[in-house]
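Chains, contacts and geometry: an overview
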Amino acid sequence: MTPFTPSTALRRAAGSLAAAGLLAAASLAGAAAPAGAADVPVFALGGPAETGLNPYPESGEPRHSTVGITVNNPSQDEENGGYGGDFTLTFDLSGIEGVAEVAFDGESGSADCEVTGAKAVCEDWGIWPGNQRAADLLVTAAEGSRAGDTGTIRVTGEAEGATFTPFTTRLTVGGTDLVMEELPFDQELNPGDEQQAPITFSNRGSRDADGVLLTLMYTRGLDIPQRYANCEYTEDDPDVPGIGWTTALCSVEGAFEAGETYTLATPLTIEATTRAYYDTFVYRIHEDGAAQRTAQRAGAPFARGAGPVLKAVPVKASQQGATARGSDLNPEDNQQEADFRTKNTADFVAYGDEASGAAGTTVKADIGFRNEGPAWIGHLRSGEPVATVDFTVPQGASVTAKPDRCRAVTADGKYREDQKSPAPRYVCDTSMTVWDGADLGLPFELRIDKALIGADGEVTVRSTWLQNPALPFDPKPANNTAFLVLNGEGDGSDSGGSTGGSSGGGSGEPSTPPTSAPDPEESPSGTSGPSASTTSGGSAGTTGGSGGGGGLASTGSIVLIASGTAAAALAAGLVLFTAARRRTARHV
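Summary of the structure given here. (Residues numbered from 1 in each chain as written. Predicted model: local features only at pLDDT ≥ 70, side-chain atom pairs only at ≥ 80, totals over all residues. Heavy atoms only, no water.)

1. Observations concerning the overall build of the protein
Note the threshold: Helical segments are the DSSP runs of H or I of at least four residues, strand segments are the runs of E of at least two, and each set is numbered from the N terminus. Three labels apply to residues, based on accessible area from a 1.4 Å probe with only protein chains included: buried if under 20% of the type maximum, exposed if over 50%, partly exposed otherwise in between. For accessible areas, the Shrake-Rupley method is used with a probe of radius 1.4 Å. Any residue's cover is judged against the shown protein chains and nothing else.
When helices and strands are counted, the protein shows three helices and 40 strands. The buried share of the protein, reckoned over its 588 residues, is 51%. For the protein, the exposed area adds up to about 25,600 Å²; of that, 49% sits on carbon and sulfur atoms.

Pasting the structure below:
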């Protein structure tokens, strides 16, 4: 088992964001079980529901398949939710006698595993929150076995002060081996470019495939204009920030013979839209079936297309006959991916705000930026933030509340260990994607320590590199900076009242050097002091809306992945992400 600590868990979750989006996850049986008795953790064992085995060869060594057994800790507490004791996994191999032989991959992790007759035992330590690999079984067809022979392995677990839900996986000799061929795409594009995608796949297994399920996934800047009658389509929820995948599941009927290669009767058309920049196209193939379609849908709502039927035709003669059914012998070659770079731009426009209040009061301000397009920007493979909002606090004020994603830095933008006391400057990273039309707002609260007329703080959207702040995709750097102005001249600051925010989202130019504001208690208007403008939250002073407002979406986890986020998507993958107000048009 690969060593797994809380820190590696977090790193893998981030890196899997892009992968989660870019790579097909194996269908796992066994979900996290509900907690049992109080304080007794319940861990769920899992893995692939079924694995196909290459038939025992007439000569040479048999080819092995890998069955990855996982253990899931359902705790959401990354800091304190881990199990820090020894645990034992026991594998009942009696169900595969005469069907398969089992060994363990000694290089894949730290588990100490031993096979004795019809039983195997693995011993290890530590189960951290989330899903982790527990053991890798190397399985081969047994000598004398025949295509179609099948059997099961049952896995149970034991640990002091914890319980495990058991898991059973099936092994079958023979099966399909669907292989997706890589297409030679032109990957440097202009908006509006179209190119053909003659999806081609082979069946290199030992039996025919009874229908195939073609899965197509493409990011926000790409499109396949034709919607086919035998395909189901879904798009990521526009109110949920992320990569913005469109997914098509196409059930193609036919007997796809072992040893034969097939291509689409009519190639797909891939288009780079006006919002394309960095984009990814994923295409994979599986044998069709209700279980496979359910796994690929993953609970998302799909709608059927209304166009022609997508068909596949053979491109070369059959090389071998078919035998009994089984699962895919090598699922790792079922998928291909292509990345595209489109010559396009995105205009990131910073906005500030205006607020006023007397000394000792607290005011609120919304700062941030808008992506006025035309492109969306996503770092799907690396999972790195697209940009950073760099905010310098106005003179005479200190930050009392900030968004969670923002961190305090020194006045020159360097690392600052103290994150609790007010800082002169804050930096706030975006997630790995910023959609076209996104309005990314950051709500701050500031205490006015000294009322200065026209004190301003710079709000800049830049790259994540302080030494190289230019955004490579942004052709209008002049509007990357705005200002948060406190007690601007003529805004009624002498009464401690509120001001109206600028419709453009704050001042685009710095104010004149700040001077001390009059004491509201001595105002000629006779208005009362700070308590007169106390907000419902108990802080005196209010601000006008920024006009841009909006929420800076959280990073989530795409790997591209991604992953990932994932992935991370990815993901992870590529992975991989809502504060303040949300609108349908806001995404990150």
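Continuing now.
2. Quick word on the state of the cysteines
Simply put, disulfide is the name for a covalent bond between the sulfur atoms of two cysteines. Convention followed: Throughout, disulfides are identified as pairs of cysteine sulfur atoms within 2.5 Å of each other.
Evaluated as defined, the whole model comprises three disulfides. In this model, C113 is linked to C122 through a disulfide, with the two sulfur atoms separated by 2.0 Å. Judged by the torsion about the S-S bond (115 degrees), the C113/C122 disulfide is right-handed. What pairs with C406 in a disulfide is C428, and their sulfur atoms sit 2.0 Å apart. Disulfide C406-C428: the torsion about the S-S bond is 110 degrees, which places it as right-handed. Within this pair, whereas C406 is found in strand β33 (residues 406–409), its partner C428 is found in strand β34 (residues 425–429), the two being separated by 22 residues in sequence. Grouping residues by exposure puts C406 and C428 together as buried.

3. Quick notes on the pairing of strand β31 (residues 388–392)
Heads up, the rule is: Should DSSP find at least two bridges between two strands, the strands are taken to pair.
Burial runs high along β31: four of the five residues are buried. One ladder, built from five bridges, connects β31 with β34; its direction is antiparallel. When the sheet's bridge partners are listed, F391 is paired in β34 with Y426.

4. Quick word on the sheet that holds strand β18 (residues 222–223)
Across the sheet, three strands lie side by side as β15-β22-β18; this open sheet has antiparallel pairing. Edge positions in the sheet fall to β15 (194–197) and β18, since each of these pairs with one other strand and no more. Note: β15 against strand β22 (residues 268–272), four bridges, orientation antiparallel. Bridging from a neighbouring strand, Q196 pairs with T269 of β22.

5. Some remarks on the pattern of salt bridges
Charged atoms that come close allow side chains of opposite charge to pair. To be explicit about the condition: When a carboxyl oxygen of Asp or Glu lies within 4 Å of a side-chain nitrogen of Lys or Arg, that pair is called a salt bridge.
Applying the stated rule across the entire model yields 13 salt bridges. When the shortest N-O distance is used, the salt bridge between R207 and E287 registers 2.3 Å. Here R207 is found in the loop between β16 (200–203) and β17 (209–218), whereas its partner E287 is found in strand β23 (residues 278–287), with 80 residues between them in sequence. For the pair formed by R207 and E287, the shared burial category is buried.

6. Overview of the side chain of D136
Basically, it comes down to this: Counted as a polar contact is a pair of N or O atoms within 3.5 Å, where, for protein atoms, one must be capable of donating a hydrogen and the other of accepting one, and residues adjacent in sequence contribute only when both atoms are in side chains.
In this fold, D136 is placed in strand β9 (residues 130–141). In this structure the side chain of D136 is engaged in a polar contact, spanning 2.6 Å, whose partner is the side chain of R133.

7. Considering unusual backbone geometry
The amide bond that connects G373 to the next residue, P374, takes the cis arrangement and shows omega of 10 degrees. Structurally, P374 is set in strand β29 (residues 362–374). The phi dihedral of N487 falls on the positive side, at around 55 degrees, and the residue is not glycine. Within the fold, N487 resides in the loop between β39 (481–486) and β40 (515–516). On the basis of relative accessibility, which here comes to 1%, the residue N487 falls in the buried class.

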